[in-house]
Amino acid sequence: MAFPDWPVYLLCIASICGGFYICRFPKCARKSAWKNSLIGKLMARTEKPLFWIAYSLYTRTKLGYIFHKRQMRKARERYPTGHSRTQPTIINGIKIIPVPILSDNYSYVVIDTASNTAVVVDPADPQPVQACLEEEGAALQAVLCTHKHWDHSGGNRALKRRYSSCRVYGNAMDNIPGLTHPLSDKDTIDFGTRLHFRAFFTPGHTVGHMIYLLDGRVIGGPSSLFSGDLVFLSGCGRMFEGNASTMLSSLDTVGSLNDDTLLWPGHEYAEDNLLFAAEVEPCNVVREQKLQWVQQQRSQRLCTCPSTLAEEKQYNPFLRSHSQDLQGALGLQQKQDEDWTSYRARVLEELRRRKDIFKDR
């Protein structure tokens, strides 16, 4: 899931309870006790009150950043070279480098090799991002931040301090750390003559979530979509700060883009997402072929992005709420007085509900 991991709950609940629950158990028994506890079961579902206490603490207090720093330290120790092995994609002199961050996040360094101008998307950990920039000899011009969650925005301020001319873009509604240039829906941002981005306002995961489209027409290639926690390979983000209708509108924004658009998501969730998709569309041949490829990639710790939107429209259930096969698999039918958009929102809501409880996610 995009946010938060189980330790976030533990941190936040411990802060509320003064660590009482944890301290009642011997150290060796804490992990299993947590998993089997009433608190653990409550926190497994986003509609539970304790979840929203934890979420508020994570997004609105210093506890969230403290936890994020702890997660950075742990990830650097566990994955000294990153959680996945990645390769740059070069499109007519524009280099896109996925940078593995934390336990399953991706930041992206986008470089115009002709001018060594660089833009970074969602630099959760500034250390590997800075190392990438230095290795490439690129000058950072800006941070494009999709949303406020620390696993996407945690390095904004550090990079801004390190690179004095660096600007931080995002939506003002989302309280982006270090924000200098607020954006609205369909704003364009240009860096030099070849890095042309368009921002789209896509609320649902958070109230101010944005996605960024790198225009491929300028460079004679496909466009690239940096989707944050809106869309993943065969998945979508949780609806933390929006309802199904809001999220559907945001997903339809993605669905309206050209089929050859490359999708660069914020997390490495491909295998889990495709396994879930197999449950709701078991006869989808394209999905099965993609799953086999993804499992081969992940067996070697290889990155699974990018996919294309043409692919996603064939196997990503969250982009297929219009599909009668999917609706039938979910046991849903359009009501007599229900308009098409409302019905599709109900399909999306049921999909997200099932994904939320799929293998404890």
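Residues numbered from 1 in each chain as written. Predicted model: local features only at pLDDT ≥ 70, side-chain atom pairs only at ≥ 80, totals over all residues. Heavy atoms only, no water.

Points about helix 6 (residues 62–78)
- End to end, helix 6 covers 24 Å across 17 residues, agreeing with the expected 24 Å (1.5 Å per residue, within 8%).
- Buried within helix 6 we find Gly64, Phe67, His68, Gln71, Met72 and Ala75. Buried residues along helix 6 cover an arc of 150° about the axis, so they all sit on one side. Facing away from the buried side of helix 6 by over 90 degrees, the exposed positions are Lys62 and Glu77. (Helix = DSSP H or I, 4+ residues; strand = E, 2+ residues; numbered from the N terminus. Expected span 1.5 Å × (residues − 1). Buried < 20%, exposed > 50% of the residue type's maximum accessible area, 1.4 Å probe, protein only. Arc of directions from axis to C-beta.)

Some words on the sheet that holds strand 14 (residues 262–265)
- Across the sheet, which stays open at both edges, the 6 strands sit in the order 8-9-10-11-14-15 with mixed pairing between neighbours. A strand with exactly one partner marks an edge of an open sheet, and here the two such strands are strand 8 (188–191) and strand 15 (307–308).
- Here strand 9 (residues 195–201) pairs with strand 10 (residues 210–214) via 5 bridges, running antiparallel. Across the sheet, the residue bridging to arginine 198 is leucine 213, located in strand 10. (Pairing = 2+ DSSP bridges.)

Some words on the environment of threonine 113
- Within the fold, threonine 113 resides in the loop between strand 3 (105–112) and strand 4 (117–121).
- Note on threonine 113: relative accessible area 38%, which makes it partly exposed.
- Residues threonine 113 and alanine 138, 25 residues apart in the sequence, show an inter-C-alpha distance of 8.2 Å.
- Sequence-distant contacts of threonine 113, that is, excluding residues within four places in its chain, are made with Gly93 and Lys95. (Contact = heavy atoms within 4.5 Å.)

Focus: the layout of surface pockets
- The computed volume of the second largest pocket comes to approximately 520 Å³.
- Around the second largest pocket sit 25 residues that line it, and Thr81, Gly82, Val99, Pro100 and Pro128 are the ones nearest its centre.
- The set of elements that each furnish at least two residues to the lining of the second largest pocket consists of helix 6, strand 2 (94–101) and helix 7 (126–136).
- Among the elements that take part in the lining of the second largest pocket, helix 7 stands out by supplying 6 residues, more than any other.
- In the lining of the second largest pocket, the residues fall into 13 nonpolar, 6 polar and 6 charged. (1 Å grid on protein atoms, 1.4 Å probe; cavity = no way out; pocket = protein on both sides within 12 Å on 5 of 7 lines; lining within 4 Å. Points joined across faces, edges and corners; volume = space filled by probe spheres on them. Nonpolar A, V, L, I, M, F, W, Y, C, P; charged D, E, K, R; others polar.)

Overview of the confidence of the model for the protein chain
- Summarising the model, the protein chain shows a mean pLDDT of 89, and 86% of its residues fall at 70 or more.
- Confidence drops under a pLDDT of 50 for residues 6–44, and excluding neighbours within four residues, the segment shows 48 contacts in the predicted structure. (pLDDT = per-residue confidence, 0-100.)

Some words on the nonpolar core
- Membership of the largest hydrophobic core comes to 29 residues, with the highest contact counts inside it found for Leu251 and Leu351.
- Among the elements of the structure, strand 10, helix 10 (244–255), helix 11 (270–280) and helix 15 (340–356) are those that each provide at least two residues to this core.
- One finds Val110, Phe191, Phe226 and Trp264 within the second-largest nonpolar core, a separate group that totals 26 residues. (Core = buried A, V, L, I, M, F, W, Y, C linked by side-chain atoms within 4.5 Å.)

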